[in-house]
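# Understanding the architecture of this molecule
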Amino acid sequence: MVRAWRALRGKAARHIGITVDGTQSDAASWCCILPSSQNDYLRQWLPRQESYLHHLLDREAPPEDRRCIICQQDGVYKCQDCLGEPLYCTGCCRSQHRSNPFHWISQWNGRFFERSCLAHVGLIIYLGHDGKQCPAVTDRWDLFEEDEPEDLLEPEDLPFVSGPEFQPKENTMVIVDKSGVHRLEVQCCECPNAMSPDIQMFRHGFFPASFNRPKTVFTFRVLNDFLLDSLECGTSAMNYYSKLRRMTSSMFPHLVPDRYRELMRVARQWRQLKTMKWHGFGHRSDNPSTGELALFCPACPQPGINVLLDPSWKYTRSFVMDRNFKAEHLHPIKPFNEVWLSDGLGFMVGKDRYKMHLAEAADTVEKSSCNNHRAVNQANAARHKLESTGIGGVACARHGCFVPHSMVDFQKGERQMNMDYALCEASRHNMEGITRAVTFYDINCQYNKHFRVRVDRSRFLEMAPQLTIIPGIGLWHVHGHQDSCYVRYASNFIEGIGRIDGEIMETLWAWLNLISPAARGMSSPHRKECLDYQMNDSNFCKMIRMKRTLCRKYKLARNGILESGKAFDRLDEAAPSHLKTEWLARERIAQSSRLNDPSAMDEYEINIKKEEGNARNAAPSRRSVATWISTGLAIEEAQIALLIEVRRIGRRSTETQRLDIARQRDRLQGQIDGFARSALTHLGEGFDADDEPEDLDVDILDDLDDDPADFTETSHTWTNSPELTVIPLPSNLGMSLREGQANDALHNLRIYLCNKAILFRTTVRQANSQALKTRAWSQVTSVQQAVSLHASIYTKTRKQMMKLEPGQDQLQKYKPLLREQLKISTAVGDPNARGQRNESLAWFWSVEVNLGGPDQSWNEEFYRVHWLRAKALWDQWREEMLLVTFEMDWTCKFFLWKTTIWGEHMQESLEKRLPGHGCYAGRQSHMYSLLAQDAQAAFQDLQNVLIEAGDE
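In this text the structure is predicted, and so the values were computed from the model without any measurement.

### Details of the overall build of the chain
The helix and strand inventory of the chain stands at 29 helices and 16 strands. Looking at the chain as a whole, 50% of its 952 residues qualify as buried. Within the chain, contacts between residues separated by at least 24 positions form 76% of all contacts whose residues are at least 6 apart in sequence.

What follows is the structure in structure tokens.
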């Protein structure tokens, strides 16, 4: 492929005089040959605009000879829909359009082409006898009474012009096609054994609007086009038919027969027929039952379809529950006169049993103890003009497929009784033998408390007693909860589900909301049919794209295992074995106890009350070094601290600040003088000192949430400033001593970052007055200055280490310190913060970690939490890899199962001498067979490629 591209590039370059190395030999531009963006195409088109406009207008005139392209006679009619807009005589126009009766033609009137129709050239549609006129010439139309009302027009709406467009012939039928609204004569077969007119029309692709003497029919093309427009664009029946009227007559669209209501009704019938056909009920003698006109997820485990159960965590069904308040519904005008075509057969639950459940269930108003529970606290927000204030339901959390017969209407906002019914119905769909399910619901910390009690008390809620429900909260919604909710319900800490964010249903509502405005005023049955159809299409699109979805997940899982494994290994190497054994035991206890006691999961949370005092009192500690060298290193650190202070106060310093700086400089200068005098004793004359003053000009590293104005830099310094004096440390000081200094700086940096996190978690977040907030931020600023100091010390020390030609191991160990790495730990500072799902500690948190010393308790607690979270992340990525591998197999088996089912239907149809049924079943079987083959090949190829890449 690359070689072919290079050859094409070279050929094009030679064509315009450009060498392959990019030099030009003439004024031609490379981008003129190969545009790189849509704007490049527009620039190329602008010079051609006038020519395009000229040829567009030139098409309005007939050819000079004005001859029919068939018989060479005088051409009168031009067809706008035939390729090239050819010219025909009357007879040829009629004969050429017997198989294309819904083309629009224009008639030449001597000056221009005027809009006409095929009825005016005598075109008649004959049903039966291969499109020829029936030999039995009788007028069967008189045998039937009219069953469609005439179109009524107001006098002011009638046109005061006479042209072919407004002169429909007698006995013509209104035929609504995707190209517009046509009036053509239709003659049925009138043989004695002929079918009824409506069936004859239906077999020829026309859906009659009535069944005795139909005057209006809809082509299958227009019905399919309308349903697809509704799915993809949310087009309402009114807007769609308005478009057809404008396509028919741009000047007088109001004169086009109004068949808007007929379109709505016939579209319902067509939608029902298509759904029955897709789900095989044209090949079965029984009627569909609950949820059987709905497609479900091919990658979820479904016993008897794509899995044979054995005791394993992999057969866990993951559900996500959510509400959609945009899908509201007005009270119907005539609820007693509604006709239900598919009540409870799709995704919306059956109305009668659901109403009985609502009537029996206790309407308890439950105030939430957690934060931001709008759904619970506003459950009784009634809207009197609405029959339904929205819908709620269940989808599979891993792939985003709606669960059949699990969508419910709300009457007074979102209440537990509504979602109880939805969840129980979802748990009954193809789950025989599955004993574990995980539910994600943004108020699960409140909703799940008494769920089983409500189920046991109700006559209409059914759930298998052996099914264990593990509650979870989506990662986006959990951030509005109390701090403890994160570790108790976030998907990060639920075993056996892989990587799930629990928020996929939010993306599904966007698809469904396309039709919500149009469905708002429909009758109740019509609205639910539209919602069912939209959800069915959503699941179908998920199904045909499942191969791509799983391949993407497989790649993400592979990379996730590598990255999370590295992060965990860094922490694991820094932790003592006896502590890791203890942490693992506590983790097992927490996971096994979470169902009965969600607070057991607080093991993944830092014990803030226990460690707050230890962290605040933790002070940096220094490891012993040779006394003189240690003094020199301390002076260097004091120089950096003073330099930071000078830069911070800037030019606009007060008299008090200048006096304080002068005292610090005097003290520092005295230390430098004493150190320099003792240098001769320790090093002798002629020692090789660091003689580069710029080494002290270090960057001041600060946290991202600090005010940059606090560290204003200035070029103004006093003469002979001791903070810029180079002290006589030897360049060959020794890598081990420099490593000790770097370790000290990183150790102190970690301590102060921990202190800062604790301040944010307690003092800052809990400050409820301006005075307390001011005091809290003052403490944070003080700690941040210490963070900047030790970050600068490490940066200076690393510069010195680079001069000593460190080895590769040391370069890997002591990396450059980046500003973004100095953020506080979200696990401590803000446990519910967004974006911490894949968060891991920066590299320096695992360098020479000492869990002993005066700050042992705090260090151990800090590392315990991060070690457990890093392990949970690594475990989840490994689970994800296993689950995706299983799901690839389950998806292929689902497609093969469908292939077999439709193959059996085909065989049965052929045995019953139903060739049409057999052909459709064969086509469906072939479709699922292709999906299976495509998925199997893609999955195998992906795994082979990644295995080869790993071997390399």
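### Details of helix 9 (residues 260-278)
For helix 9, which comprises 19 residues, the first-to-last C-alpha distance of 27 Å matches the rise-based estimate of 27 Å (1.5 Å per residue) to within 8%. Within helix 9, burial applies to Tyr260, Glu262, Leu263, Val266, Ala267, Arg268, Trp270, Arg271, Gln272, Lys274 and Thr275. Here the buried face of helix 9 lies against helix 6 (197-203), strand 8 (206-208), strand 9 (216-219), helix 7 (220-233), helix 8 (237-248) and helix 18 (524-544). Once helix 9 ends, the next one or two residues include Gly280, with phi positive near 80°.

### Points about the environment of Ser106
By secondary structure assignment, the location of Ser106 is in strand 3 (residues 105-108). Each C-alpha atom of the pair Ser106 and Gln80 lies 7.4 Å from the other, and the pair is 26 residues apart in sequence. Not counting chain neighbours up to four residues away, the residues in contact with Ser106 comprise Val76, Tyr77, Lys78, Gln80, Phe113, Glu114, Arg115 and Ser116. At 2.7 Å, the side chain of Ser106 forms a polar contact with the side chain of Gln80.

### A word on the confidence of the model for the chain
Confidence along the chain averages 81 in pLDDT terms, with 78% of residues attaining 70 or more. A low-confidence stretch, residues 1-32 (pLDDT under 50), is modelled with 28 contacts involving residues beyond four sequence positions or located in other chains.

### Quick notes on the nonpolar core
With 60 residues, the main nonpolar core has Cys297, Phe319, Tyr447, Met463 and Phe895 as its most contacted residues. Cys297 has contacts with Gln302, Cys396, His399, Cys401 and Met546, leaving out every residue within four places of it along the chain. Counting 54 residues, the second-largest nonpolar core is a separate cluster that includes Leu759, Phe760, Ile793 and Tyr794.

### Observations regarding the packing of helix 7 against helix 18
Where helix 7 meets helix 18, the closest approach of the two axes is 10 Å, and the angle between their N-to-C directions is 75°. By the criterion of interaxial angle, the relationship of helix 7 to helix 18 is roughly perpendicular. Facing helix 7, whose interface residues are Leu227, Ser230 and Leu231, helix 18 presents Tyr533, Gln534 and Asp537. Class assignment for the residues of the contact of helix 7 with helix 18 results in 3 nonpolar, 2 polar and 1 charged.

### Section: the pairing of strand 3
Within a regular strand, side chains alternate between the sheet's two faces. Here strand 1 (residues 77-79) runs beside strand 3; their pairing, made up of 3 bridges, is antiparallel. Bridged to Tyr77 within strand 3 is Gln107. Pairing of strand 3 with strand 4 (residues 113-116) involves 4 bridges; the strand directions are antiparallel. Across the sheet, residue Ser106 finds its bridge partner in strand 4, namely Arg115. The loop that links strand 3 with its antiparallel partner strand 4 comprises 4 residues; one of these, Gly110, has a positive phi angle of about 100°.

### Considerations on a nonpolar patch on the surface
Among the surface-exposed residues, Trp45, Leu46 and Tyr52 lie close enough to one another that they form a single nonpolar patch of about 330 Å² accessible area. Mapped onto the fold, Trp45 is located in helix 3 (residues 38-45).

### Regarding the sheet that holds strand 9
As summarised here, the arrangement of the 5 strands in space is 5-7-6-9-8, forming an open sheet in which the pairing is mixed. In this open sheet, the two strands that pair with only one neighbour each are strand 5 (124-126) and strand 8. Strand-to-strand twist of the sheet, defined as the mean angle between neighbouring strand axes without regard to direction, takes the value 40°. Bridge analysis of strand 6 (residues 173-177) against strand 7 (residues 180-187) gives 5 bridges, and the strand direction is antiparallel. Bridging across to strand 7, Ile175 finds its partner in His182. Each of strand 6 and strand 7 touches helix 8; the most contacted strand, strand 7, lies at about 75° to it. On top of the sheet, helix 9 reaches strand 8 and strand 9; it is set at about 120° to strand 8, its chief contact.

### Examining the pairing of strand 6
Judged by how many residues are buried, strand 6 sits mostly within the fold: 5 of 5 residues are covered. Of the two faces of strand 6, both are covered, the one formed by Met173, Ile175 and Asp177 as well as the one formed by Val174 and Val176. Counted between consecutive antiparallel strands, the loop separating strand 6 from strand 7 contains 2 residues. Sheet topology places strand 6 next to strand 9; 3 bridges connect them, and they run parallel.

Reading guide: rules and limits
Residues take numbers from 1 onward in each chain, read along the sequence in its written order. With pLDDT at 70 or above as the cut-off, local features in this predicted model cover only qualifying residues; side-chain atom pairs require 80 or more to be listed or tallied, and sums for whole chains, interfaces and linings still use all residues. Hydrogens and water molecules were not included; the side-chain quantities draw on all heavy atoms of the structure. Strands here are runs of E lasting at least two residues and helices are runs of H or I lasting at least four, both read from the DSSP assignment and numbered beginning at the N terminus. Between buried and exposed lies partly exposed: a residue is buried under 20% and exposed over 50% of the maximum accessible area for its type, with that area taken using a 1.4 Å probe on protein chains only. Any two residues having at least one pair of non-hydrogen atoms within 4.5 Å are treated as being in contact. By this rule, a helix spans an expected 1.5 Å times one less than how many residues it contains. N or O atoms within 3.5 Å of each other form a polar contact, as long as, within protein, one can give a hydrogen and the other can take it, and as long as residues adjacent in sequence are counted only when both atoms are side-chain atoms. The pLDDT score gives, residue by residue, the confidence of the prediction method on a 0 to 100 scale. Nine residue types can take part in a nonpolar core, namely buried Ala, Val, Leu, Ile, Met, Phe, Trp, Tyr and Cys, and a core is a set of them joined through side-chain atoms within 4.5 Å. As a rule, the C-alpha atoms of each element are fitted with a line to give its axis, helices using only the stretch in contact, and angles between N-to-C directions run from 0 to 180 degrees. By definition in this entry, angles of less than 35 degrees are roughly parallel, angles greater than 145 are roughly antiparallel, angles of 65 to 115 are roughly perpendicular, and the rest are oblique. Following the grouping adopted for this structure description, the nonpolar residues are Ala, Val, Leu, Ile, Met, Phe, Trp, Tyr, Cys and Pro, the charged ones are Asp, Glu, Lys and Arg, and the polar ones are all others, Gly among them. Whether two strands pair depends on DSSP finding at least two bridges between them. A patch is a set of surface residues, each over 30% in relative accessible area and not in a salt bridge, joined within 9 Å for like charges and within 5 Å for the nonpolar side chains Val, Leu, Ile, Met, Phe, Trp and Tyr. In these tables, accessible area is a Shrake-Rupley quantity obtained with a 1.4 Å probe, and a residue counts as shielded only by the protein chains included in the view. Here, a salt bridge means any Lys or Arg side-chain nitrogen found within 4 Å of an Asp or Glu carboxyl oxygen.

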